[in-house]
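# Coordinate inspection notes
Letter by letter, the chains look like this.
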Amino acid sequence: MKDVLETPRLRLLPLSREMLMQTLGGGDFQVQDFTFTQGWAGEAAIIFPIHLLNLGEEDAVQGSFAVVERASGQSIGLLGTKHAPELGRVEIGYGLTEAGRGQGYATEAVGALLEHLRGWPDVQTVLAETVPDNQPSIRVLEKNGFRLTGRRLDSSDGELMCWAYPLSQLS
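Quick summary incoming for the structure in this document. Each residue is numbered by its place in its chain's sequence as written, counting from 1. Residue-level local features of this predicted model are given only where pLDDT is at least 70; pairs of side-chain atoms are given and counted only at 80 or more, and the full residue set underlies all totals for whole chains, interfaces and linings. With hydrogens and water set aside, each side-chain value is computed from the structure's full complement of heavy atoms.

Turning our eyes to something else, we now look at the side chain of E91. In this text, helices come from DSSP runs of H or I with a minimum length of four residues, and strands from runs of E with a minimum of two, each type numbered from the N-terminal end. In this fold, E91 is placed in strand β7 (residues 89–96). If near-sequence neighbours (up to four positions away) are discounted, E91 is found in contact with G80, T81, K82, H83, L127, A128 and E129. In this analysis, two residues are considered to be in contact whenever any of their non-hydrogen atoms come within 4.5 Å of each other.

Now the structure itself:
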């Protein structure tokens, strides 16, 4: 599979047309030797139809990955860029299934995504946002070297903490 990112405990598989279609079909499915259980993509699955409309001839959504635990071959979540780079910046998002939480997988996956984004010539800064009471997500960002840059109010999510990571900093 092209552009698979590897970490000691995870494989990050590019979010492919096949994954999008299978997820929208509901139920569990297999892609190669990997198992995807219903709900693996969490709330992000709501935008899968939009991805399919915009995918065009490409086989995968650029910058988005399914998170698969290497030991079990089970999908445990999703992470990636939320949009194309704008003015040298791109925002990321991530989410894991209940079974994937609390084991350092999100920290590991975000670290791999940051390394991947270093190869994007049009990205100098990676952004992220969290709600103030999501302590696990805040720790993921802090452990990966993100710095709190401010706060903003969102009409649907309420108060958000804004984070930035300059790709020029050493990892």
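On to the environment of F36, then. Along the chain, the position of F36 falls in strand β4 (residues 34–36). Under the relative-accessibility criterion, F36 is labelled buried at 0%. The contact partners of F36, leaving out residues within four places of it in the chain, are L13, M19, G27, D28, F29, V31, A66, V68 and S75. A simple rule labels every residue: compare its accessible area, found with a 1.4 Å probe on the protein chains alone, to the largest value its type can have, and call it buried under 20%, exposed over 50%, or partly exposed in between.

Here we take up the side chain of T81. Inspection of the secondary structure puts T81 in strand β6 (residues 75–81). When its relative accessible area of 10% is taken as the criterion, T81 is described as buried. One polar contact links the side chain of T81 to the main-chain carbonyl oxygen of Q62, over a distance of 3.5 Å. The contact partners of T81, leaving out residues within four places of it in the chain, are Q62, G63, S64, V90, E91, I92, L117 and W120. What qualifies as a polar contact is a pair of N or O atoms within 3.5 Å, subject to a donor-acceptor requirement within protein and to the restriction that residues adjacent in sequence count only when both atoms come from side chains.

Our focus in this paragraph is helix α4 (residues 135–143). Within α4, the full set of buried residues consists of S137, I138, V140 and L141. Each buried residue of α4 lies within a common arc of 155 degrees when the element is viewed along its axis, so the set occupies one face. Projecting away from the buried face of α4 at angles above 90 degrees are the exposed residues P136 and K143. At its buried positions, α4 is contacted by β7, α3 (105–117), β8 (125–130) and β10 (158–166). The backbone nitrogen of S137 lies 3.1 Å from a side-chain oxygen of the residue at the head of α4, namely N134. The arc in question is traced by the directions running from the helix axis to the C-beta atoms.

For the rest of this paragraph, the subject is the pairing of β10. For two strands to be treated as a pair, DSSP must find no fewer than two bridges joining them. The sheet contact formed by β8 and β10 spans six bridges and is antiparallel. For T130, the partnering residue across the bridge sits in β10 and is M161. In this sheet, β10 lies alongside strand β9 (residues 147–154) in antiparallel orientation, the contact comprising seven bridges. Counterpart to D154 in the pairing with β10 is G158. Adjacent in sequence and paired antiparallel, β9 and β10 are bridged by three residues.

Ranked by size, the top nonpolar core spans 30 residues in total, and within it L12, V67, L79, I92, L117, V126 and F146 carry the most contacts. Contributing elements (two or more residues each) for this core: β2 (10–16), β5 (60–69), β6, β7, α3, β8, α4 and β10. With eight residues, the top contributor of residues to this core is α3. Excluding residues that lie within four positions of it along the chain, I92 makes contacts with G80, T81, K82, V110, L113, L117, V126, L127, A128 and F146. Residues belong to a common nonpolar core when they are buried Ala, Val, Leu, Ile, Met, Phe, Trp, Tyr or Cys residues joined through side-chain atoms within 4.5 Å. Of all hydrophobic cores here, the second largest spans 18 residues; its members include L15, L20, A41 and L78.

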